[in-house]
Amino acid sequence: MSRTPTGESVTARVVRVMSSFDADTPSLSVSDIARRSDLPVATAHRIVGELVKYRLLERNDTRISIGVRMWELGSRGSHTLSLREAAMPFMEDVNAAIKQHTQLGILDGNEVLFVERLSTRGSVVNVTKIAGRLPVHACSSGLVLMANASRDVQDELLSQPLERYTDATVTDPEQMRRLLAEVRHQHFAVAAGLITPGATGVAVPVRDTDGGRVIAALSVVIPHDQANPQSVVAALTTASRGITRAMTRGSRH
């Protein structure tokens, strides 16, 4: 693998450039990319030029964005594609019944990566986006995913400071351990105002085709004054089981 004069691999620099983009900033100038990737502008310019050449990035005047070729490669190889395809009909049912944001998230490090989201006009304020991320300790999907993760993964999370977003955010490690144990026992999480005041997240686990390992979290975001979160849990649980059955049928073909 070729390396730069500083000893860093070229691949590492390319990854830093690609990682400059996020859900809130889908397009950047070359100077923005250089700053975010901590690279000299000339170096960022050269790498961006190569990535544009291979259509992994796109240039529109002075702005750079992720290219269609990158989306194509990512969609083709990602295991989330079959998960999203299996989940979509059931997410549509939940969205039609609850009439609030419905989303599907997976665990990636200490964050939830949201791979699909359906919205309804007039829904409660929600900060999640497709391909967006939230910290696991501050959302219902994250609590479900972390509650069902290994002890090593939980210990890694709890060894780091937990950021407080609202007065309701749990930041004490021991309190978080108790919360995760409760979520694991009851098979759902209700997270009221952990990251956005006025909104409550409700999430359940989605299990793999063997019905054991938790591979995703299915959730909705409802207003604080929602009359009966338990009815939301029931709808999500039914949908989650349907997703697992759909993936099982798909794996047989």
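Being a predicted model, the structure only gives us computed values, none of them experimental.

Caption draft 1: Quick look at helix α5 (residues 80-98). Along its length, α5 reaches its greatest deviation from straightness, about 40°, at methionine 88, and the proline proline 89 lies no more than four positions downstream. Buried residues of α5: Thr80, Leu83, Ala86, Ala87, Met91, Val94, Asn95 and Ile98, and no others. Backbone geometry just after α5 places lysine 99 at a positive phi near 60°.

Caption draft 2: Broad picture of the pattern of salt bridges. A complete count under the given rule lists twelve salt bridges for this structure. Here glutamate 8 and arginine 13 are joined by a salt bridge, their closest N and O atoms 3.0 Å apart. Comparing glutamate 8 with arginine 13 shows no difference in burial state: the two are buried. Between glutamate 8 and arginine 16 there is a salt bridge, and its shortest N-O distance comes to 2.4 Å.

Caption draft 3: Structural detail: the packing of helix α1 (residues 10-18) against helix α3 (residues 41-53). Remark: α1 packs on α3, axes separated minimally by 10 Å, with the N-to-C direction vectors making an angle of 85°. By the angle class used here, α1 and α3 are roughly perpendicular. From α1, Arg13, Val14, Val17 and Met18 reach across to α3, where they touch Thr43, Ile47, Val48 and Leu51. Each residue belonging to the contact of α1 with α3 can be placed in one class, and the counts come to six nonpolar, one polar and one charged.

Caption draft 4: Fine view of the packing of helix α2 (residues 30-37) against α3. Where α2 meets α3, the axes come as close as 9 Å, and the angle between the chain directions of the two elements is 110°. With respect to each other, α2 and α3 are oriented roughly perpendicular. As for the relative orientation of α2 and α3, their crossing is right-handed in sense. The segment α2 lies against α3, with Val30, Ile33 and Ala34 engaging Val41, Ala44, His45 and Val48. Among the residues forming the contact of α2 with α3, the class breakdown is six nonpolar, one polar and no charged.

Caption draft 5: Structural view of the sheet that holds strand β5 (residues 111-118). Spatial ordering of the open sheet is given by β6-β5-β4-β9-β8-β7, a layout of six strands whose pairing is antiparallel. The open sheet has two edge strands, β6 (133-135) and β7 (189-192), and neither has a second partner. Mean inter-strand twist for the sheet, computed between neighbouring axes without regard to direction, equals 30°. Here strand β8 (residues 199-207) pairs with strand β9 (residues 214-223) via nine bridges, running antiparallel. Residue pairing across strands places proline 205 opposite alanine 217, the latter belonging to β9.

Caption draft 6: Fine view of unusual backbone geometry. Positive phi outside glycine occurs at arginine 55, with the angle close to 65°. As for its position among the elements, arginine 55 is in the loop between α3 and β2 (57-60). With relative accessibility at 53%, the residue arginine 55 sits in the exposed group. With a phi angle near 60°, aspartate 61 is a residue other than glycine that sits in the positive phi range. Relative to the assigned elements, aspartate 61 resides in the loop between β2 and β3 (63-66). Residue aspartate 61 is classed as exposed on the basis of its relative accessible area of 69%.

Caption draft 7: Representation of helix α7 (residues 151-158) in the model. Turning to α7, its buried residues are Gln154, Leu157 and Leu158. Seen end-on, α7 carries its buried residues on one side only, within an arc spanning 90°. Buried-residue contacts for α7 involve α6 (140-147) and α8 (173-186).

Caption draft 8: Representation of the sheet that holds strand β1 (residues 27-28) in the model. A sheet is described by the order of its strands in space; here three strands give the open sequence β1-β3-β2, paired in antiparallel fashion. In this open sheet, the two strands that pair with only one neighbour each are β1 and β2. Direction of pairing for β1 relative to β3: antiparallel, over a ladder of two bridges. Each bridged residue has a counterpart across the sheet, and for serine 27 the counterpart in β3 is serine 65. Its contacts with the sheet place α3 against β2 and β3, and it is angled at close to 105° to β2.

Calculation notes
- Residues numbered from 1 in each chain as written.
- Predicted model: local features only at pLDDT ≥ 70, side-chain atom pairs only at ≥ 80, totals over all residues.
- Heavy atoms only, no water.
- Bend = angle between axes of the 7 residues up to and from the residue.
- Helix = DSSP H or I, 4+ residues; strand = E, 2+ residues; numbered from the N terminus.
- Buried < 20%, exposed > 50% of the residue type's maximum accessible area, 1.4 Å probe, protein only.
- Salt bridge = Lys/Arg side-chain N within 4 Å of Asp/Glu carboxyl O.
- Axes fitted to C-alpha atoms, helices over the stretch in contact; angles between N-to-C directions.
- Parallel < 35°, antiparallel > 145°, perpendicular 65-115°, else oblique.
- Contact = heavy atoms within 4.5 Å.
- Nonpolar A, V, L, I, M, F, W, Y, C, P; charged D, E, K, R; others polar.
- Left-handed = near helix turned anticlockwise from the far one by under 90°.
- Pairing = 2+ DSSP bridges.
- Arc of directions from axis to C-beta.

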